Amino acid sequence: MDLKKAGFSTRAIHIGKKMDETGATATPIYQTAPFRFRNAAHAASVMGGQEKGYVYSRGLNPTTKVLEEKIANLEGCEAALSQASGMAAISAAVFSTVRAGDHVIVDEVIYGSTYDLFAGLTRFGVDVSFIDTSDTGNVETALRPGTKLVFFETPANPTNKLIDIKAVSDIAHDRGAVVFVDNTYMTPYFQQPLLYGADVVVHSATKYLNGHGDTLGGIVAGSSEFISLARRTSRDIGGAMSPFNAWLIIRGLKTLSIRMDRHNENAMAVAKFLQGHDRVDRVIYPGLKEHPQYDLAQKQMCGSGGMIAFLLKEAKDVHPFLDALKICTLAVSLGDAETLIQHPASMTHAVVPKENRIKCGIVDQLVRLSIGLENAGDIISDIEQALDRI
Ligand SMILES: *Cc1c(COP(=O)(O)O)cnc(C)c1O
């Protein structure tokens, strides 16, 4: 059987695994910094690039390599690079691509630190436009001869706005720019941006890929050529993932498909409950027919994920509501077994200047929910008793 063509769950479990002489079925943790060469000629050949081999774990390590091969396969591309965090992955990808004088287009609804990273690029002579890329007309207008990169998340954190990967990629490619998609929310189980024309996918593996809220991690996935370049950038910046963190994420991936199905099922039940509650103004979840881009969700995603955005009628009720919850945990991050809840305006997106934040829908009434793997009825009861108390 050709493992590369097997089903998603089979590949998530088996791809990249190597059997060593002990027969260990779990991936061994190669907790080592350097690797010993057989002799001086071997060292010269590996370090000179004539022969492949392990040198130093900041560049390549057998445990992190297993994770990289898995993600490359699951995203449907040639290669992947693991990094210490999602932000290290985004930095490695971006610093491998842009230089002083370039122009970059970034969606205005984006993870807080990603916003901060791109906003800071102006210090290095890179011009950055934050726009709404869900309207392709805006992308056409913003593209110019020096535009090197278009970067977005879909669904976007925290508003669940969707961006048409194929439409934006076609326009960007026509004008000589590359497209990077942050696929953290969907994972390759529900969405494969490279199939729709994106050039590079980045992930915060801290979230669903690991799935247990117990490690940081990041991934860049794309062509072998781009990943070699990103690996070199990473080697110089020093963002390598530790072998132990890779091992945790490899373990997490074994249950990715069943976790994502459960996150999806639970989120659908909670979204429907919220829709019917009179303290709730609006629920934004791609699985609901009322989502303004429901058709696009059906086209480029094969599930709706576990992230719900909803607006309370009154901004003043948000903090009392959060404080009344018992099972839903007030914390940043997402994609864990635990249901996590947070208030973007005063937490994850506080770095975004207020007028930009309001303009793109990150209003004070907005609450972000990362639906966990608990029993859906218990999550709903918890939210219900907290809404009843405001
Ligand atoms: C968390 C997150 C990041 C950053 O990842 P870290 O692992 O925290 O560095 C980037 N993008 C999205 C969409 C995220 O949710």
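This one's a predicted model, so the numbers in the text were calculated from it and none came from an experiment.

Topic: the overall build of the chain
Stage number 1. When its secondary structure is counted, the chain shows 15 helices and 12 strands.
Stage number 2. For a compact globule of 390 residues, the expected C-alpha radius of gyration is about 21 Å, and the chain comes in at 21 Å, within 12% of that figure.
Stage number 3. Seen through its C-alpha atoms, the chain measures out along the principal axes to roughly 75 × 50 × 35 Å.
Stage number 4. Each of the 390 residues in the chain was classed as buried or not, and the buried ones make up 56%.

Looking at the packing of aromatic side chains
Stage number 1. Counted under the stated rule, the structure contains 8 aromatic pairs.
Stage number 2. Here the aromatic rings of Y189 and F190 are separated by 5.0 Å at their centres, their planes lie at 45 degrees, and the arrangement is tilted.
Stage number 3. The exposure class assigned to F190 is buried, which follows from its relative accessible area of 3%.
Stage number 4. Considering the side-chain rings of F244 and W247, the 6.0 Å spacing of their centres and the 15 degrees angle between planes classify their relative orientation as stacked. One end of the pair, F244, and the other, W247, are both in helix 10 (residues 243–253), 3 residues apart, so they sit about a helical turn from each other.
Stage number 5. We classify W247 as partly exposed; its relative accessible area is 22%.

Observations regarding the packing of helix 11 (residues 256–275) against helix 15 (residues 376–388)
In a packed pair of helices, the relevant descriptors are the angle between the two axes and the axis-to-axis distance.
Stage number 1. For the pair helix 11 and helix 15, the least separation of the axes is 9 Å and the interaxial angle reads 30 degrees. Between helix 11 and helix 15, the interaxial angle falls into the category roughly parallel. Seen along the crossing, helix 11 lies across helix 15 with a hand that is right-handed. Listed contacts from helix 15 to N266, A269, V270, F273 and L274 of helix 11 are A376, I379, I380, I383, E384 and L387.
Stage number 2. When the residues that make up the contact of helix 11 with helix 15 are grouped by side-chain class, the tally is 9 nonpolar, 1 polar and 1 charged.

Let's talk about the side chain of H42
Stage number 1. Inspection of the secondary structure puts H42 in helix 2 (residues 40–47).
Stage number 2. By relative accessible area, which is 12% here, H42 ends up buried.
Stage number 3. Excluding residues within four positions of it along the chain, H42 makes contact with F37 and E51.

Points about the pattern of salt bridges
Stage number 1. The final tally for this structure, using the stated rule, is 17 salt bridges.
Stage number 2. Of the charged contacts in the structure, one is a salt bridge between E108 and K359, with a shortest N-O distance of 3.1 Å. Taken as a pair, E108 in the loop between strand 2 (103–107) and helix 5 (112–120) and K359 in helix 14 (residues 354–359) lie far apart in primary sequence, 251 residues in all.
Stage number 3. What makes E108 buried here is its relative accessible area of 15%.
Stage number 4. Of the charged contacts in the structure, one is a salt bridge between R144 and D127, with a shortest N-O distance of 2.4 Å. Of this pair, R144 sits in the loop between helix 6 (136–142) and strand 4 (147–153) while D127 sits in strand 3 (residues 127–131), and the two are 17 residues apart along the sequence.
Stage number 5. In this structure R144 comes out as partly exposed when scored by relative accessible area, which is 35%.
Stage number 6. Connected through shared salt-bridge partners, K18, K65 and E69 make up one network.

Details of the site of the ligand
Stage number 1. Within the structure, the ligand sits among 14 residues, and G86, D182, S204, T206 and K207 are positioned closest to it.
Stage number 2. Between an oxygen atom of the ligand and a side-chain N or O atom of S204, the distance comes to 2.8 Å.
Stage number 3. Between the ligand and T206, the relevant distance is 2.6 Å, taken from an oxygen atom to a side-chain nitrogen or oxygen of the residue.
Stage number 4. Considered on its own, the ligand offers 380 Å² of accessible surface; in the complex 93% of this is hidden by protein.
Stage number 5. With 3 residues, helix 4 (residues 86–95) is the single largest residue contributor to the shell around the ligand.

Examining the sheet that holds strand 4
Stage number 1. Pairing within the open sheet is mixed, and its 7 strands lie in the order 1-7-6-5-4-2-3. For this open sheet the edge positions go to strand 1 (79–83) and strand 3, each flanked by a neighbour on one side alone. The average undirected angle you get between the axes of adjacent strands in this sheet is 20 degrees.
Stage number 2. Judged from the 3 bridges that link them, strand 5 (residues 178–182) and strand 6 (residues 200–204) form a sheet pairing that is parallel. When the bridges of strand 6 are listed, F180 appears paired with V200.
Stage number 3. Its contacts with the sheet put helix 4 on strand 1, strand 4, strand 5, strand 6 and strand 7 (218–222), and the angle it makes with strand 6 is roughly 155 degrees.

Thresholds applied
Residues numbered from 1 in each chain as written. Predicted model: local features only at pLDDT ≥ 70, side-chain atom pairs only at ≥ 80, totals over all residues. Heavy atoms only, no water. Helix = DSSP H or I, 4+ residues; strand = E, 2+ residues; numbered from the N terminus. Rg over C-alpha atoms; globule rule 2.2 N^0.38 Å. Buried < 20%, exposed > 50% of the residue type's maximum accessible area, 1.4 Å probe, protein only. Phe/Tyr/Trp six-rings, centres within 6.5 Å; stacked < 30°, edge-to-face > 60°. Axes fitted to C-alpha atoms, helices over the stretch in contact; angles between N-to-C directions. Parallel < 35°, antiparallel > 145°, perpendicular 65-115°, else oblique. Left-handed = near helix turned anticlockwise from the far one by under 90°. Contact = heavy atoms within 4.5 Å. Nonpolar A, V, L, I, M, F, W, Y, C, P; charged D, E, K, R; others polar. Salt bridge = Lys/Arg side-chain N within 4 Å of Asp/Glu carboxyl O. Near = heavy atom within 4 Å. Polar contact = N/O pair within 3.5 Å; in protein donor to acceptor, adjacent residues only side chain to side chain. Areas by Shrake-Rupley, 256 points an atom, 1.4 Å probe, with all protein chains shown as cover. Pairing = 2+ DSSP bridges.

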